[in-house]
Amino acid sequence: MGEFMAKYPNTRVITYDPVSAAALLAANEQSFGQRAIPSYHFDQADVIVSFNADFLGTWISPVEYARAYAKRRKITDKKMDNMSRHYQVESHMSLTGSNADNRILVKPSEQGAAICALYNEVAALTGAGSIGGPKVNDKAAASMKKVARELVNAKGKSLVVSASNNVAEQVIVNKINDLLGNINTTVDFGTLSYQRQGDERDMVRLIEEMKSGQVAIAIVWGANPAYELPNAVAFKEAFAKVNTRVSFSGVMDETTSLCTHAAPAHHSLESWGDVEPKEGHLSMIQPTIAPLFDTRQAELSLLMWADSPNLNLEDEQPYYQYLKSYWASDLFGRQNKYSTPTAFWDMSVHDGVFEMPASGRTVSFNGNVSSEGVSKPSGSAVEISCFETVNIGNGQYAHNPWLQEMPDPVNRSVWGNYLAIPVEWDGVNNINGWQNLTDGDHVDVTIGGKTLNCAVVRGFGQMPGTVSIALGQGREAGGCGVGYGVNVNPWLGMNGNLIQYYAGDVQVSDKPTSTDKNVPCVQHHHTMGVAVGKEEDGKPYFVDEHAIGYKGFAGALTDRSIIFQAHVNELPELGERMEKFHEEAGHLNQQTLYPDRSEFFGTGLHWGMYVDLNSCIGCGACQVACVSENNVPVVGKNEVARHHEMTWLRIDRYFYGDLENPKVVYQPMMCQHCETAPCENVCPVNATNHSMEGLNQMAYNRCIGTRYCANNCPYKVRRFNWLDYTTADLWPANEERVFHVSEDDKPFYADNLVRMVLNPDVTVRSRGVIEKCSFCVQRIQEGKLTAKKETRALADNDVRTACQTACPTGAITFGNLNNPDSEVNQKRNNAGAFAYQVLEEINTRPGVKYSAKIHNSNEELNS
Amino acid sequence: MSQAVAPVRHVLIEGDKSYHRITEDLVSPTEKAPTREWMIAFTIAAAFLGLYVFAIVWTVWKGIGEWGANRTINWAWDITNFVWWIGIGHAGTLISAILLLFRQRWRTGVNRAAEAMTIFAVMCAGQFPIFHMGRVWLAFFIAPFPNTRGPLWVNFNSPLLWDVFAISTYFSVSLLFWYTGLVPDLATVRDRATGFRRKMYETFSFGWTGSAKHWQRWESLSLILAGISTPLVLSVHTIVSFDFATSIIPGWHTTIFPPYFVAGAVFSGFAMVQTLMVITRKVLKLEEYITLNHIESMNKVIVLTGTIVGVAYLTELFIAWYSGYIYEQFAFYNRVFGIYWWAYFGMMFCNVVSPQLFWSRKIRRSIWWTFFLSIVVNIGMWFERFVIIATTLARDYLPSSWSYYRPTWVEISIFSGTIGLFFVLYLIFTRVAPVVAIAEIKSILKVAGSQYIGPNAKHQHGTESVKKQDESGH
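Residues numbered from 1 in each chain as written. Chains lettered and ligands numbered in written order. Predicted model: local features only at pLDDT ≥ 70, side-chain atom pairs only at ≥ 80, totals over all residues.

### Observations concerning the overall build of chain B
Then step 1. From N to C terminus, chain B includes 17 helices and 0 strands.
Then step 2. Rg of the C-alpha trace for chain B: 24 Å, near the compact-globule value of 23 Å for 474 residues, within the 12% margin.
Then step 3. Dimensions of chain B, computed from the C-alpha atoms along their principal axes, are close to 85 × 55 × 40 Å.
Then step 4. Across chain B, the fraction of contacts at a sequence separation of at least 24, relative to all contacts at a separation of at least 6, is 82%. (Helix = DSSP H or I, 4+ residues; strand = E, 2+ residues; numbered from the N terminus. Rg over C-alpha atoms; globule rule 2.2 N^0.38 Å. Contact = placed C-beta atoms within 7 Å.)

### Focus: the overall build of chain A
Then step 1. Each helix and strand in chain A was counted, giving 27 helices and 38 strands.
Then step 2. Taken over C-alpha atoms, the radius of gyration comes to 28 Å for chain A, in line with the 29 Å a tight globule of 863 residues would show.
Then step 3. Across its three principal directions, the C-alpha atoms of chain A cover 85 × 70 × 60 Å.
Then step 4. Sequence separation of at least 24 residues holds for 71% of the intrachain contacts in chain A that already meet a minimum separation of 6.

### Regarding the nonpolar core
Most often, soluble globular proteins keep nonpolar side chains buried together rather than apart.
Then step 1. Ranked by size, the top nonpolar core spans 341 residues in total, and within it Ala114, Leu118, Cys386 and Leu419 of chain A together with Met117, Phe267 and Val273 of chain B carry the most contacts.
Then step 2. By residue number, the principal contributor to this core is helix H9 (residues 257-283) of chain B, which donates 14 residues.
Then step 3. Apart from residues no more than four positions distant in its own chain, leucine 118 of chain A is found in contact with Val49, Met144, Val147, Ala148 and Ile176 of chain A.
Then step 4. Core analysis: the next-biggest nonpolar cluster, separate from the first, contains 27 residues, Val220, Leu229, Phe235 and Tyr319 of chain A among them. (Core = buried A, V, L, I, M, F, W, Y, C linked by C-beta atoms within 7 Å. Buried ≥ 20, exposed ≤ 12 C-beta atoms within 10 Å, placed from the backbone.)

### Details of the environment of isoleucine 219 of chain A
Then step 1. One can find isoleucine 219 of chain A in strand E7 (residues 217-220).
Then step 2. Under the C-beta neighbour-count criterion, isoleucine 219 of chain A is labelled partly exposed, with 19 such atoms within 10 Å.

### So, unusual backbone geometry
All names here are of chain A.
Then step 1. Not every positive phi belongs to a glycine, and asparagine 631 is a case in point at roughly 55°.
Then step 2. As for its placement among the helices and strands, asparagine 631 is situated in the loop between helix H18 (621-629) and helix H19 (637-641).
Then step 3. For asparagine 843, which is not a glycine, the phi torsion comes out positive at approximately 60°.
Then step 4. You can see asparagine 843 is positioned in the loop between strand E36 (835-836) and strand E37 (848-851).

### Notes on the sheet that holds E7 of chain A
Residue and element names in this part refer to chain A.
Then step 1. Across the sheet, which stays open at both edges, the 3 strands sit in the order E7-E8-E9 with parallel pairing between neighbours. Each edge of the sheet is formed by a strand with only one pairing partner; in this case those strands are E7 and strand E9 (261-262).
Then step 2. Bridge count between E7 and strand E8 (residues 244-247): 4 bridges; the pairing is parallel. Each bridged residue has a counterpart across the sheet, and for alanine 218 the counterpart in E8 is arginine 245. (Pairing = 2+ DSSP bridges.)

### Describing the interface of chain A and chain B
Then step 1. Across the contact, 49 residues belong to chain A and 45 residues belong to chain B.
Then step 2. Counting only elements with at least two residues in the side of chain A that touches chain B, the list comes to helix H15 (555-558), strand E29 (650-658), helix H20 (678-682), helix H21 (708-711) and strand E33 (719-720) of chain A.
Then step 3. Partitioned by chemical class, the residues of the side of chain A that touches chain B number 23 nonpolar, 15 polar and 11 charged. (Nonpolar A, V, L, I, M, F, W, Y, C, P; charged D, E, K, R; others polar.)

### Section: the domain arrangement of chain A
Then step 1. Under the domain assignment, chain A is made up of domain 1 (23-106 + 108-193), domain 2 (199-278 + 281-333), domain 3 (383-515), domain 4 (527-558) and domain 5 (565-726 + 765-855).
Then step 2. Domain 1 of chain A and domain 2 of chain A are separated by 36 Å when their C-alpha centres are compared. (Domains from an automatic or database assignment.)

### So, helix H3 (residues 62-71) of chain A
Then step 1. Three or more residues of H3 of chain A are buried, namely Pro62, Tyr65, Ala66, Ala68, Tyr69 and Ala70 of chain A.
Then step 2. On the buried face of H3 of chain A, the contacting elements are strand E1 (37-40) of chain A.

### Details of the pairing of strand E13 (residues 383-387) of chain A
All names here are of chain A.
Then step 1. Burial of E13 is extensive: 5 of the 5 residues sit out of reach of the surface.
Then step 2. Every second residue of E13 is oriented toward a common face, with Glu383, Ser385 and Phe387 on one face and Ile384 and Cys386 on the other, all of them buried.
Then step 3. Bridge count for E13 against strand E19 (residues 466-470) is 5 bridges, and the pairing is parallel. Residue pairing across strands places phenylalanine 387 opposite alanine 470, the latter belonging to E19.
Then step 4. Inspection of the sheet shows E13 paired to strand E22 (residues 502-503) by 2 bridges, in the antiparallel sense.

### A short note on the environment of leucine 229 of chain A
Then step 1. Here leucine 229 of chain A shows up in the loop between helix H9 (225-228) and helix H10 (232-239).
Then step 2. By the C-beta count within 10 Å, which is 24 here, leucine 229 of chain A ends up buried.

### Remarks on the packing of helix H4 (residues 91-101) of chain B against helix H8 (residues 212-245) of chain B
Residues and elements named next belong to chain B.
Then step 1. It is at 9 Å that the axes of H4 and H8 come closest, and there the two elements cross at 120°. Viewed along their axes, H4 and H8 form a crossing whose handedness is left-handed. Contacts between H4 and H8 involve Thr93, Leu94, Ser96, Ala97, Ile98, Leu100 and Leu101 on the former and, on the latter, Ala226, Ser229, Thr230, Leu232 and Val233.
Then step 2. The residue inventory of the contact of H4 with H8, partitioned by class, reads 8 nonpolar, 4 polar and no charged. (Axes fitted to C-alpha atoms, helices over the stretch in contact; angles between N-to-C directions. Left-handed = near helix turned anticlockwise from the far one by under 90°.)

### Some thoughts on the pairing of strand E35 (residues 812-816) of chain A
All names here are of chain A.
Then step 1. Burial runs high along E35: 5 of the 5 residues are buried.
Then step 2. The pairing of strand E28 (residues 607-611) with E35 spans 5 bridges and is antiparallel. For valine 611, the partnering residue across the bridge sits in E35 and is isoleucine 812.

### Observations concerning the sheet that holds strand E5 (residues 158-162) of chain A
Residue and element names in this part refer to chain A.
Then step 1. Pairing is parallel across the open sheet formed by 4 strands, whose spatial order is E4-E3-E2-E5. If you trace the sheet from one side to the other, it starts and ends with strand E4 (102-105) and E5, each paired once. Strand-to-strand twist of the sheet, defined as the mean angle between neighbouring strand axes without regard to direction, takes the value 15°.
Then step 2. Sheet strands touched by helix H5 (residues 111-126): strand E2 (47-51), strand E3 (85-90) and E5. Its angle to E2, the strand with the most contacts, is close to 150°.
Then step 3. Helix H6 (residues 138-153) rests against E2, E3, E4 and E5 of the sheet, and its axis sits at about 140° to E2.

So, in structure tokens, the structure goes:
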């Protein structure tokens, strides 16, 4: 880039982020003199307050934060007094909010007021002056008082973050952290994060310049402003006035289709490169495959256009050589770990990352805080918040069918974005949506004169008087995501040229404009019984959707041995309750006709898993990893709506607690590999059976598809190939040889390019057979073979399942149960009575154990 | 009236029949050209059969995904229909075998048609387990035969495999039993036929001559087959109920299922017999063979079995409550008040409440009431299976997976198509074989030697029937 700019000095580089953190950058520059994002140490915080920042899902660096966050949520001992407490201030149930101990509900436009309220409370306790500011709702104000006291008690060990895109608000947040002594402890500027650098204010300026014809050439790289910007219409108009418009995009997206030249760049899996996401962390981009198409790496294009003297086009991989010499000439000198450039390069390529020593930089807060510039509550009856989802982002991943078919962690819907509406108990038999709308209804939503027809989903935990919808859908060009959902970016307003991800004055049509009977949602039953009031004896009165209506029958849901949960203060009671449960279940399970197979399973390998529900944040990475590892077919919106999804691993999400502000538990659910598997004895042809290593295995070739096993699975993890999803079926795939099928009519899995998505180690299943989680048997096999080749015994962690490797928080552990030292055994033993098998009392003897879900909510806030 | 009727025994067939009259009445439908009503009925049935073939081809070609079943409710209309048809197929064997053993001689009026109905119903039932398979072209995997795959055997633990054996055994025994009964009657038809028909019936009656030895062997075989089929009547539906009872799903996992299923099967079987008999006796003018007494007897069985089924329903509810086991309790709470509450109440009304009307002798002996209630019972029994299968699966252990089921046009077509298949077979049957067992009905004729017309007969009887015979030239 430098060389390109040297050659063409008029060049200007303008960066913006699909979802902006510009205000945070600006505020940090103002407060600390660093236009960068610090490292947030969620693992060092006893109390975390997040103002609408979805730091576990989408905010800045979610994987890093989630890993750190989960460290303080795991069951360590019988007391767990080290558990952090997490407050989330928001209006819609975000992924992070669903993991919070307490959610404080404020309308989207009240975020600034809430920040001011917290500041004033903290200031009062620490002796700083009040800044006044707009008033937040009474309930939230009362909560803030209590939160502030806790924060002050945890001075230096607390953390306040905000996703606000308002500079004044971010400065106040900085000051709160400063008052709490968090700067340089949990808010660490010693290692800066470079993951957000953009500023949409530059884009606004650029649009003006383009409009006035000052721009002759525009090169678009890694961005899609014609979709992502709220003022995309203005952008498109202005962009048309630029003479030469070049795009590096690999797909014909909204912006590329407006360009005069498309110079498709390599995919990142075909490219060499280096990046520095965090200060001092030099990470390598390495190709895993030779370029498939006639593309050229974007960096190479720029260098060639700049006639770079450092580039040798004679090389087989010119950019690789360029990069290598850059590391030798520039970066090598900045480190002292390796003595030769070759060693430095080779080891960095080998490790994938090179870490420089931390800068040790400390900062201090400078400047003033004031409530001036803080956004004021809009006062409108209905407000909307627009948020990024963990799978689609702001549309960057909308063309990836795996991600489109990954259910939204909270509303569990796929292929589109859905307007979440608040819910309430109708007093009889149903949890109704606001205005009596329900899942599958479509309504017209008008904001600022722009009307979109949105599908409705009942949003548990959605604040009354607010609605919410995800960004990133309604794509118009570029791939499979086209035509799903609505593009809500045009609804977003600007404040000081900074994008605001909410809006007031939302008009929703009273009656649904249409209703879909088939809702593309993978979970139609959302709760484990939620409390809507108190019975006469003072106990909470639990209700549920449909079928479990009336009083006195809540136990059938709340007492299911699927989830065990308790407050961290009630751990001893929970421990007793669970021990009693294990005892009862153990007693029941002895009353069996089955022969004792402990000898059979007790020798050699016996694979098992442990899923820590306290670490699980529900992000869904495991599910996508499983889909990609195991060639699980994508079935599309209509088939999901008909409950024909094929996912081997799903994340069940249950609401519990208070209906108005429910708690959430996520439960990754995959084949439990039961020792006495109900599926195995009902298969008439022995297509599913047990291996000596404790695996419940499927012989696809033998399966005739009676689906008896799927019916008899208490965990409902078996998946049937209802239709020819993979085109692997006997007839179409073989027609080619008989009828000479033309290229266009070829089944898509017969296409060599499409086939590259497949994992060659895993069979593609045909229509009419059952499939399910195999505990990644191909990986087990590979691990065993590797150990065999190296003539050694299989070591713990030689085999790691796909879900396990993908999990950012280490919630999933897999290993040999017969090895007392294996990680999985240690974790299971460590959790003691808190480790349980789902439906333990029905004697399926699953190979998977879960941990009880512990929360640390501040009960004062709920009273 | 010259019939020598014992005062303690009721007349089993009416109309003061002579042997010849019986032959005339029962064989003639196979000899005449089909009536217009028959043609219309056959056309409609054949149209439904065509629909069936189309829907099956559609399913096999496209996949089970064309049905409304889903990841939670993997069985729905398919197995509902299977159990329904199998249940219907119970009356025939019950009438032939158990009533034969119990010497309930009124059975002779209806046993032939009921047995035919059994066979056709089992054929309809058999369609579903076959075509509900995802890969029907590999259906032969369920047969235990020596093979080169190991050899790879079937899973003898699976109730589905037991089904295969139970149903195929039941079908073969019922078929044998039915055909054995047919042999003397086919011979009767043969004796009256000429030309090609005669050749056909000659083949099918296996050269029956009516010698005493034939009769003696025939009687023995009938008794043996009756002995074999008697346990089958109980076993088939017991084993079908094992599909559910041995599973782990609350609402299925119930020890009450075997007797409850058998009672239900007899119940629905008799209802279906009623439906068919009421029509058949009218259309084929057999009111004197299938009398109101038959209908009343069968209605008594219906009210008995319906009440047994009702007790079973209530027992289930009680046990669910008494078990103290939340999943079981919830399963039954859901069955009654859940998303499919209408199916449960439909079942309760049709199966338990409506048959109670038969306590009234007037209703029991009313053709219209019988016909109407037999249809109601059949609907109710269909609902029962649907309630057990779909409702239970829709709400099992994990609330996250709960779902709803609606049939698609394909499933509806397949089901109505099997009704078409059934009636095509039945209508053909009424055309080719006597629908009432001639030989057996003659054995219960309450006449003495008065009808004797042999060489030593004196013309002293002068009964109407003899006169009629004389007029007809015999």
